[in-house]
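# Geometric and topological summary
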Amino acid sequence: MGIWRSPQGIEVEAIVASGGPCLLVTRRIDGRRVLVAYCMNIREVGELVDLAELVPA
């Protein structure tokens with residue numbers, strides 16, 4: 001669907017999980033993706049990430 005990245009290694013990806021659409025938030029650490037959170041809306045993502053820093057991947 002869509003992926004956005006921040007300079008700090010955060011990735012936000014729009015996915016469809018078993019419960020429906022959600023936003024997967026991960027962080028790249030030493031080349032690996034580490035789960036940060038599953039968010040139901042962009043407001044929840046904004047609590048974890050500075051939305052102004054996200055750019056389309």
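Structure report, in brief. (Residues numbered from 1 in each chain as written. Predicted model: local features only at pLDDT ≥ 70, side-chain atom pairs only at ≥ 80, totals over all residues. Heavy atoms only, no water.)

### So, the overall build of the protein
Heads up, the condition is: Strands here mean DSSP runs of E at least two residues long; helices mean DSSP runs of H or I at least four residues long; both are numbered from the N terminus. For a compact globule the rule gives 2.2 Å times the number of residues to the power 0.38, and the radius of gyration it is set against comes from C-alpha atoms. Only protein chains enter the accessibility calculation, which uses a 1.4 Å probe; a residue is then buried when its area is under 20% of its type maximum, exposed when over 50%, and partly exposed in between. Contact between two residues is taken to exist if any of their heavy atoms lie within 4.5 Å; hydrogens are not considered. His residues and chain termini do not enter the charge count, which takes Lys and Arg as positive and Asp and Glu as negative. Think of each charge as sitting on NZ of Lys, CZ of Arg, CG of Asp or CD of Glu.
In terms of regular secondary structure, the protein is built from 1 helix and 5 strands. Reading the secondary structure of the protein in the N-to-C direction produces β-β-β-β-α-β. Its C-alpha atoms give the protein a radius of gyration of 11 Å, near enough to 10 Å, the size a compact globule of 57 residues would have. Looking at the 57 residues of the protein, the share that counts as buried comes to 35%. When contacts within the protein are restricted to residue pairs at least 6 apart in sequence, long-range pairs at least 24 apart make up 21% of them. Of the charged side chains in the protein, 6 are positive and 7 negative, and the gap between their average positions amounts to 6 Å.

### Re the sheet that holds strand β5 (residues 55–56)
Within a beta sheet, neighbouring strands are joined by backbone hydrogen bonds and run either parallel or antiparallel to one another. Using the following cut-off: Strands are treated as partners if at least two bridges between them are detected by DSSP.
If you trace the 5 strands from one edge of the open sheet to the other, you get β4-β3-β2-β1-β5, paired in antiparallel fashion. Either end of the sheet is taken by a strand with one partner, and the two such strands are β4 (32–39) and β5. As defined by bridge partners, strand β1 (residues 2–5) adjoins β5 across 2 bridges and the pair is classed as antiparallel. Counterpart to W4 in the pairing with β5 is P56.

### A few points about the pairing of β4
The pairing of strand β3 (residues 20–29) with β4 spans 7 bridges and is classified as antiparallel. Following the sheet pairing, V25 is matched in β4 by A37. Taking the residues that link successive antiparallel strands as the turn, the β3-β4 hairpin has 2 residues, and the phi of D30 there is positive, at about 55°.

### What about unusual backbone geometry?
Look at D30: it is not a glycine, yet its phi comes out positive at around 55°. For D30, the location among the structural elements is in the loop between β3 and β4. D30 gets classed as exposed once you look at its relative accessible area, which sits at 77%.

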